[in-house]
Structure formats: structure tokens, C-alpha cells
Amino acid sequence: PLDDIIRRLGGTKRVAEMTGRKGRFVLNESTGELVYQKRNVDTETAMHKVNLAEREAFQSGKKLVAIISEAASSGISL
């Protein structure tokens, strides 16, 4: 469900995901299939810093929507 929400809100380029997940399912536009992708593949950020990079993208206005899970909400101040 989370991957579907992110896709409907504009995808990973528009939605900042701050969760405990290490990966997600994204739509391969050429094949139409869902493929598993690590969350840090777009940013080349170390996995343990992905949530911090997503927070920065949201706070700077690069991403307009933030999705935060309970697993990542501790210590994140928006």
C-alpha cells in the first residue's frame, strides 16, 4: 500500500519517504512490471542516511509530500 500511495502522489521524485524500509517496489515504465529497488538507488546516499536526505529534500521544497512511519519518526523534526 505504501508504494501505491507514493506512486499516486507523484513517485519518488516528489514524495519524501521517511520509514524503516530498505527498499520499495517501483513501476518499470518500459515493461509495466513492479520491480524491487533499494531506497538509496536514486540518491546514491548511504542507506543509514536515506531518511536524513529525504528530510532535507522535503524541508528544502524539492519534494512536496512527506510520508513518515512510526519507525522513522523518532528524532525527526520537521
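Computed from a predicted structure; not experimentally measured.

J.: Sorry if this is basic, but what is going on with the confidence of the model for the protein chain here?
T.: Parts of the model with low pLDDT should not have their predicted coordinates read in detail. Across the protein chain, the average pLDDT comes to 90, with 100% of residues at or above 70. Here helix 3 (residues 70-73) stands out as the element of the protein chain with the lowest mean pLDDT, 80, in contrast to strand 1 (residues 15-18), whose mean of 95 is the highest.

J.: Any chance you could explain helix 2 (residues 50-59) here in plain terms?
T.: The periodicity of an α-helix, 3.6 residues per turn, causes residues three or four positions apart to be oriented the same way. Within the sequence span of helix 2, burial applies to Val50, Glu54 and Ala57. In a view along the axis of helix 2, the buried residues occupy a sector of 60°, so they form one face of it. Residues of helix 2 that are buried sit in contact with strand 1.

J.: Explain the environment of Thr43 to me, please; I cannot follow it from the model alone.
T.: Positionally, Thr43 belongs in the loop between strand 3 (34-38) and helix 2. Using a relative accessible area of 40% as the deciding quantity, one classes Thr43 as partly exposed. It is 21 Å that separates the C-alpha atoms of Thr43 and Ser77, two residues lying 34 residues apart in sequence.

What counts, and where the lines are drawn
- Residues numbered from 1 in each chain as written.
- Predicted model: local features only at pLDDT ≥ 70, side-chain atom pairs only at ≥ 80, totals over all residues.
- Heavy atoms only, no water.
- pLDDT = per-residue confidence, 0-100.
- Helix = DSSP H or I, 4+ residues; strand = E, 2+ residues; numbered from the N terminus.
- Buried < 20%, exposed > 50% of the residue type's maximum accessible area, 1.4 Å probe, protein only.
- Arc of directions from axis to C-beta.
- Contact = heavy atoms within 4.5 Å.

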